[in-house]
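Analysis of the macromolecular model
Each chain, letter by letter, is given below.
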Amino acid sequence: MSSTTISIAEDASSQSIASSISGIAKGPATATDEASQHLTFTTTAAQPDMFEMLPVLTFTSNEAAKLTFKTAANKFGDATVTVTLRDDGGTSNKGVDSAAQTFTISVTPSNDAPTFTVTTSELTVVEDQYSIQEYTASNFVQNVDPGPFESGVQGVSFTTSYTNTDLFSLAPKINSNTLSFRTTPDAVGESTVTIIATDNHNPPLTFERTMTIRILAKNDKPIFTVGKDLIGTELTECRGETA
């Protein structure tokens with residue numbers, strides 16, 4: 001092999017490495033009796049679960065072969081691959097019909113975006129229901145995952161953005177997986193809230209979900225003011241006279 005270790009990143013695409021095997025021969029150059037033999041490659045991986053497509057060698061010429069494989073999603077680490085080259089000359093008279101070598105495919109880990117779920121994507125409240133008392137929903141954000149095999153290694157923080165900002169006197173936010181906000185007095189309408197999860201890798205990756213907060217209108221009591229000219233004024237009864 002041109003190298004005993006092949007390094008690729010986690011979740012890389014299918015690999016096709018030309019001339020990964022070179023110097024292929026049916027035997028010593030002086031062994032002219034082996035010229036008519038046919039050669040075949042077999043490969044075995046000590047860690048087959050590391051692969052979506054196991055390593056395979058294919059001849060590109062009489063003296064070289066290419067290696068193809070694809071690693072499994074979210075898998076990283078080292079995989080030991082054994083390559084066996086076999087001829088069809090047999091083993092009579094203590095002959096040897098195969099030769100084996102090993103190499104390593106080293107998959108380096110890469111950062112995966114965090115994920116999460118929310119208990120609902122549609123939330124409806126009534127006008128002024130939460131204009132004084134703050135709305136809170138514990139465990140609104142659930143199933144927070146920093147990424148495959150990254151639990152306990154990376155942290156996840158949350159930020160929010162939202163439309164129709166005038167609907168809120170206290171912006172929607174996520175704190176310890178709890179959603180909270182306060183509506184503006186007399187506000188009615190809808191706001192699209194985007195919840196953004198960010199891991200603490202460098203550089204970080206993000207994942208977001210959107211939800212709608214809908215504020216329904218309710219009838220407000222009528223308002224009037226007594227005129228100041230009437231306040232403290234003594235009213236007298238007027239009676240009509242008859243002829």
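The following paragraphs examine the structure supplied in this document. All values derive from a computational prediction rather than experimental measurement.

**A few points about the environment of Lys218**
In this structure, Lys218 sits in the segment after β16 (206-216). Owing to a relative accessible area of 41%, Lys218 belongs among the partly exposed residues under this scheme. For the pair Lys218 and Thr178, spaced 40 residues apart in the sequence, the C-alpha separation amounts to 27 Å. The contacts of Lys218, once residues within four sequence positions are left out, are Val126, Glu127 and Asp128.

**Regarding the environment of Pro185**
Considering the arrangement of structural elements, one finds Pro185 in the loop between β14 (178-183) and β15 (189-199). For the pair Pro185 and Leu54, spaced 131 residues apart in sequence, the C-alpha to C-alpha distance is 63 Å.

**Regarding the sheet that holds strand β12 (residues 156-162)**
Spatially, β9-β16-β15-β12 is the arrangement adopted by the four strands of the open sheet, whose pairing is mixed. Only two strands of the sheet have a single partner each, and these edge strands are β9 (122-126) and β12. Taking the axes of each pair of neighbouring strands and ignoring which way they run, one obtains an average angle of 25 degrees across the sheet. Of the strand pairs in this sheet, β15 and β16 are connected by 10 bridges, and their pairing is antiparallel. Looking across to β16, one finds that Ser191 is bridged to Ile213.

**Quick notes on the pairing of strand β5 (residues 65-71)**
Taking burial as the measure, the seven residues of β5 include five buried ones, the bulk of the element. Here strand β2 (residues 15-21) pairs with β5 via four bridges, running antiparallel. Each bridged residue has a counterpart across the sheet, and for Gln15 the counterpart in β5 is Phe69. In terms of strand pairing, strand β4 (residues 51-59) meets β5 through six bridges, oriented antiparallel. Bridged to Phe59 within β5 is Ala65. In sequence, β4 turns back onto β5 through a hairpin of five residues.

Scoring rules and cut-offs
Residues numbered from 1 in each chain as written. Predicted model: local features only at pLDDT ≥ 70, side-chain atom pairs only at ≥ 80, totals over all residues. Heavy atoms only, no water. Helix = DSSP H or I, 4+ residues; strand = E, 2+ residues; numbered from the N terminus. Buried < 20%, exposed > 50% of the residue type's maximum accessible area, 1.4 Å probe, protein only. Contact = heavy atoms within 4.5 Å. Pairing = 2+ DSSP bridges. Axes fitted to C-alpha atoms, helices over the stretch in contact; angles between N-to-C directions.

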